[in-house]
Amino acid sequence: MSKILIVDDSPAQRFSLCKMVESGGHQPIAAESGEKALELAADEHPAVILMDIVMPGMSGYQATRRLHKSDSTRHIPVIFVSSRSGDADRAWGLRQGASEYVTKPVDANRLLAAISEAMAA
């Protein structure tokens, strides 16, 4: 059972993603902000981080760049999970260091496949 950090400012989205992650046999850890994600990533060392992009305070882009600058978290793959579905959004997300980009509404099979791929890389 791998720890998966879920970062989203929406309680409903966090709940939904936690259920999907649990259905895949993983242990979800939830954060409501980019700032909290940085703290939990350093403390919990999750196998993968599912990161929303648009959040108050620190965006998912900013949090991902900070995660990748830290020696203790740079190895953790980040998967952006966002309602932004344009090709430019996806390309920008991947340029920020994400290993994958999944759009909302989230398909559970697609998300679990992305998590498996990120952990195998």
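Data block above holds the structure.
Scope of this entry: the structure provided in the associated data block.

**Focus on the pattern of salt bridges**
Close approach of charged atoms allows side chains of opposite charge to pair. Here the structure, examined in full by the defined rule, presents 8 salt bridges. A salt bridge links Lys 36 to Glu 39; the nearest nitrogen and oxygen atoms lie 3.1 Å apart. Taken together, the residues span about one helical turn, with Lys 36 and Glu 39 both in helix H2 (residues 34–44) at a distance of 3 residues. On the basis of relative accessible area, Lys 36 is assigned to the partly exposed category, the value being 29%. With relative accessibility at 42%, the residue Glu 39 sits in the partly exposed group. The salt bridge partner of Glu 100 is Arg 110, with a shortest N-O separation of 3.2 Å. Placement of the pair is Glu 100 in strand E5 (residues 100–103) and Arg 110 in helix H5 (residues 108–120), with a sequence separation of 10 residues. The exposure class assigned to Glu 100 is buried, which follows from its relative accessible area of 12%. A network of salt bridges, in which partner residues are shared, links Asp 8, Asp 52 and Lys 104.

**What about the nonpolar core?**
Formed by 21 residues in total, the largest nonpolar core has its most connected members in Leu 5, Val 7, Ile 49, Met 51, Leu 67 and Phe 80. Residue assignment for this core shows that the elements contributing at least two residues are strand E1 (3–7), strand E2 (27–31), H2, strand E3 (48–51), helix H3 (60–69) and strand E4 (78–82). It is H2 that contributes the most residues to this core, 4 residues altogether. Residues contacting Leu 67, with those up to four places away along its chain left out, are Leu 38, Ala 41, Ile 49, Met 51, Thr 73, Arg 74 and Val 78. Membership of the second largest hydrophobic core comes to 17 residues, among which are Val 21, Ile 79, Leu 111 and Leu 112.

**Quick word on the environment of Ile 6**
Mapped onto the elements of the fold, Ile 6 is located in strand E1. By relative accessible area, Ile 6 is classed as buried at 0%. Distance in space between the C-alpha atoms of Ile 6 and Pro 28 is 6.7 Å, their sequence separation being 22 residues.

What counts and how
- Residues numbered from 1 in each chain as written.
- Predicted model: local features only at pLDDT ≥ 70, side-chain atom pairs only at ≥ 80, totals over all residues.
- Heavy atoms only, no water.
- Salt bridge = Lys/Arg side-chain N within 4 Å of Asp/Glu carboxyl O.
- Helix = DSSP H or I, 4+ residues; strand = E, 2+ residues; numbered from the N terminus.
- Buried < 20%, exposed > 50% of the residue type's maximum accessible area, 1.4 Å probe, protein only.
- Core = buried A, V, L, I, M, F, W, Y, C linked by side-chain atoms within 4.5 Å.
- Contact = heavy atoms within 4.5 Å.

In short, the description is geometric, and any link to function would need to be established separately.
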